[in-house]
Amino acid sequence: MSQKYDYLLVGAGLFNAVFAYKARKAGKTCLVIEKRNHRGGNIYCETVEDIHVHKYGAHIFHTSNKEVWDFVNGLVEFNRFTNSPIAYYQGSVYNLPFNMNTFAKMWDITKPEEALAIINEQRAVIQGEPKNLEEQAISLVGTDIYTKLIKGYTEKQWGRDCTELPAFIIKRLPVRLTYDNNYFNDRYQGIPIGGYNVLIDALFGDTEIRLHTDFLSDPEGFQAMADKVIYTGPVDEYFQYQLGKLEYRSLRFETEVLDQPDFQGNAVVNYTEREVPYTRIIEHKHFEFGTQPKTVITKEYPETWVEGMEPYYPVNNEQNQKLYQQYRALADREPKVIFGGRLGEYKYYDMDKVVESAFRLCEQEL
């Protein structure tokens, strides 16, 4: 007969890694099953040419929550990486987020009051309540920034025109009237020295993990192995899509090794023209200030999600939220299954928010 565990953790990503760590400290037994061939979920890193490659896109840990920052830094050491992406548009580069460096380049000005005057003049073309994302963006930052730095990128990301996207997707766009290129406003920011696998290994410790194991191949059999199940896969897939499929956006990654020490001089460069098929290029060595003789770059291509692909971004429009609430009601009736994480809760989570969410569950359960 199968060994009985306190918890069966479905998925070896960050949410379950934090829970496994706390459960182990509380004297609970956990079995982790993961259908991929590695632990770490989407923060997993592969080592190529001695460079830690973020296999599923750029991951930068940032938070204003001291408890979260102290927790992860108590396990591994973080470096001082600061995310300062740049945007490439028709042969010119602009700093992100929108700040005085951006405006100086775009309008050949130097003073905050000059930037504000131009933005306010351009914003005035939108009268009344914005009806779609295009109008919402222009009402926040004006036509120039929208046209060059938002429109094409957003249309590639979501696979439709900005006029067809709801206004609420862009609730706010940060405009800084300072020469500050730090993308995040959070107090703490960095990347684990040695890559994210170091953090994941510290969290899971000696917890038993079975890779290449799909919970949905035998849900009842797996459920019988533990008192409770924490499920971090897609909530609609768990219920065999019985109410219909939730929508996601997916990504395709093209990674290449280049025989040169530096390709773009920055970790992240966004390509904001609609005509360029990828949204950004990641150069991984810059996350850890690498000086290796070669470099590794990854181009990100957004795609429409279909079953069998990796779901990355929930499409949280009204229709999908309504459907998710119906699945949520089904989930609440599962006596021994707890749904968590980005896919289990159909919610886009930054890493620190995943940790916070796992903390809350630990407080309830352990």
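Remember, predicted model here, so these are calculated numbers, not experimental data.

Points about the overall build of the protein
(1) Moving on: Within the protein, the secondary structure is distributed over 12 helices and 16 strands.
(2) Moving on: With the principal axes as the frame, the protein shows a C-alpha extent of 75 × 50 × 35 Å.
(3) Moving on: Burial analysis of the protein (366 residues in total) assigns 54% to the buried set.
(4) Moving on: Sequence separation of at least 24 residues holds for 72% of the intrachain contacts in the protein that already meet a minimum separation of 6.
(5) Moving on: Summed over all atoms, the accessible surface of the protein reaches about 17,100 Å², with 46% contributed by carbon and sulfur.
(6) Moving on: Computed over 41 positive and 52 negative side-chain charges, the separation of the two mean positions in the protein equals 3 Å.

With respect to helix α12 (residues 351–365)
(1) Moving on: Between its terminal C-alpha atoms α12 stretches 21 Å, which fits the 21 Å expected from 15 residues at 1.5 Å a residue.
(2) Moving on: Every buried residue belonging to α12 is among M351, D352, V354, V355, E356, S357, A358, F359, L361, C362 and E365, and all of these are buried.

Describing the pairing of strand β14 (residues 295–304)
(1) Moving on: The buried fraction of β14 is high, at eight of 10 residues.
(2) Moving on: Pairing of strand β11 (residues 248–258) with β14, which is carried by 10 bridges, proceeds in the antiparallel orientation. The residue bridging S250 from the neighbouring strand is E303, located in β14.

Details of unusual backbone geometry
(1) Moving on: Here L96 and P97 are connected by a cis peptide whose omega angle stands at -5 degrees.
(2) Moving on: Summarising the element assignment, P97 is placed in the loop between β7 (92–95) and α3 (100–107).
(3) Moving on: Although it is not a glycine, D50 sits at a positive phi angle of roughly 65 degrees.
(4) Moving on: With respect to the helices and strands, the residue D50 is situated in the loop between β3 (45–48) and β4 (51–54).
(5) Moving on: What makes D50 exposed here is its relative accessible area of 59%.
(6) Moving on: Unusually for a residue other than glycine, F289 sits at a positive phi of about 55 degrees.
(7) Moving on: Its place among the elements puts F289 in the loop between β13 (280–283) and β14.

Notes on the environment of Y324
(1) Moving on: The residue Y324 is located in helix α10 (residues 318–332) in this model.
(2) Moving on: The spatial distance from the C-alpha of Y324 to the C-alpha of D236 is 8.0 Å, given a sequence separation of 88 residues.
(3) Moving on: In contact with Y324, other than residues within four places in its own chain, are V235, L246, G344, E345 and Y346.

A word on the sheet that holds strand β10 (residues 226–231)
(1) Moving on: Read across the open sheet, the five strands follow the order β9-β2-β1-β10-β16; overall the sheet is parallel. Each edge of the open sheet carries a strand with a single partner, namely β9 (208–210) and β16 (337–339). In this sheet, adjacent strand axes meet at a mean angle of 20 degrees when their direction is disregarded.
(2) Moving on: Pairing of β10 with β16, which is carried by three bridges, proceeds in the parallel orientation. In the sheet register, Y231 faces β16, and the bridge partner there is F339.

Let's talk about the state of the cysteines
(1) Moving on: Within the structure shown, the criterion is met by zero disulfides.
(2) Moving on: With no disulfide of its own, C30 lies closest to C362 among cysteine sulfurs, the gap being 9.2 Å.
(3) Moving on: Take C30: its relative accessible area is 9%, and that puts it in the buried class.

Considering the packing of α3 against helix α6 (residues 143–158)
(1) Moving on: Close contact between α3 and α6 brings their axes to 12 Å; oriented N to C, the two are set at 100 degrees. Overall, the two elements α3 and α6 adopt an arrangement that is roughly perpendicular. Residue-level contacts link T102, F103, M106 and W107 of α3 to D144, I145, K148 and L149 of α6.

Quick notes on the packing of aromatic side chains
(1) Moving on: A full pass over the atoms with the stated rule returns 28 aromatic pairs.
(2) Moving on: Relative to F287, the ring of F81 has its centre 5.3 Å away and its plane inclined at 70 degrees; by these criteria the two rings are edge-to-face. A residue pair is termed long-range when its members are at least 10 positions apart, and F81 in the loop between α2 (66–73) and β6 (86–89) and F287 in the loop between β13 and β14 qualify at 206 residues. Just as F81 is buried, F287 falls in that class too.
(3) Moving on: A centroid spacing of 6.5 Å and a plane angle of 40 degrees characterise the contact between F81 and F289, whose relative ring orientation is tilted. With F81 in the loop between α2 and β6 and F289 in the loop between β13 and β14, this pair connects stretches of sequence that are 208 residues apart.
(4) Moving on: Across the ring face of F359, the terminal group of K22 is positioned such that the distance to the ring centre comes to 4.6 Å.
(5) Moving on: Over the face of the ring belonging to Y301 we find R252, whose NZ or CZ atom lies 4.2 Å from the ring centre.

Cut-offs and rules
Residues numbered from 1 in each chain as written. Predicted model: local features only at pLDDT ≥ 70, side-chain atom pairs only at ≥ 80, totals over all residues. Heavy atoms only, no water. Helix = DSSP H or I, 4+ residues; strand = E, 2+ residues; numbered from the N terminus. Buried < 20%, exposed > 50% of the residue type's maximum accessible area, 1.4 Å probe, protein only. Contact = heavy atoms within 4.5 Å. Areas by Shrake-Rupley, 256 points an atom, 1.4 Å probe, with all protein chains shown as cover. Lys, Arg positive; Asp, Glu negative; His and termini not counted. Charge placed at Lys NZ, Arg CZ, Asp CG, Glu CD. Expected span 1.5 Å × (residues − 1). Pairing = 2+ DSSP bridges. Axes fitted to C-alpha atoms, helices over the stretch in contact; angles between N-to-C directions. Disulfide = S-S within 2.5 Å. Parallel < 35°, antiparallel > 145°, perpendicular 65-115°, else oblique. Phe/Tyr/Trp six-rings, centres within 6.5 Å; stacked < 30°, edge-to-face > 60°. Lys NZ or Arg CZ within 6 Å of the ring centre and 35° of its normal.

Interpretation in functional terms is not warranted from these geometric data alone.
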